[in-house]
Amino acid sequence: AATFTTLSALAILAVATPQGGSAGSCATGPVQCCQSVQAAGSAAVAPILASLGVVVQDLNIPVGLTCTAIDVIGVGSGNSCSANTVCCDNNNLGGIAAIGCVPVSL
């Protein structure tokens, strides 16, 4: 079971890792600006995921909270992020949370 969990986490991180080497690129959707990024099992994140009905296999997967998409093209025109700029594997939780987040440089 531990091997499966480890492989699941690695697969999520591999998918969420920015591709192509260009700054601000994200292969899984738009770059996100999240107010906080914490482990899925943390005291701040676990109750939110539970209320959304989301179950994650690995409680160490980074989860972004209160996320909005960033238009990378418009970054120089005031569309910036003063919190955590990340690329996340699953952005389909209405901006409340995003799963599998890794930092991105803009």
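Everything numeric in this text was worked out from a predicted model, so none of it was measured. (Residues numbered from 1 in each chain as written. Predicted model: local features only at pLDDT ≥ 70, side-chain atom pairs only at ≥ 80, totals over all residues. Heavy atoms only, no water.)

Quick word on the pairing of strand β4 (residues 97–103)
Consideration 1: Within β4, 6 of the 7 residues are buried, which leaves the element mostly enclosed by the surrounding structure.
Consideration 2: The pairing of strand β2 (residues 62–70) with β4 spans 3 bridges and is classified as antiparallel. Residue pairing for β4: Gly64 is matched across the bridge by Ala98.
Consideration 3: Pairing of strand β3 (residues 84–90) with β4, which is carried by 4 bridges, proceeds in the antiparallel orientation. Counterpart to Asn90 in the pairing with β4 is Ile99.
Consideration 4: Here β3 folds back onto β4, and the loop between the two strands holds 6 residues, one of which, Gly94, carries a positive phi near 65°. (Buried < 20%, exposed > 50% of the residue type's maximum accessible area, 1.4 Å probe, protein only. Helix = DSSP H or I, 4+ residues; strand = E, 2+ residues; numbered from the N terminus. Pairing = 2+ DSSP bridges.)

Re the nonpolar core
Consideration 1: Membership of the largest hydrophobic core is limited to 11 residues, which are Ala40, Val45, Leu49, Val54, Val56, Ile61, Val63, Leu65, Leu93, Ala97 and Ile99.
Consideration 2: Of all the elements in the fold, those that place two or more residues in this core are β2 and β4. (Core = buried A, V, L, I, M, F, W, Y, C linked by side-chain atoms within 4.5 Å.)

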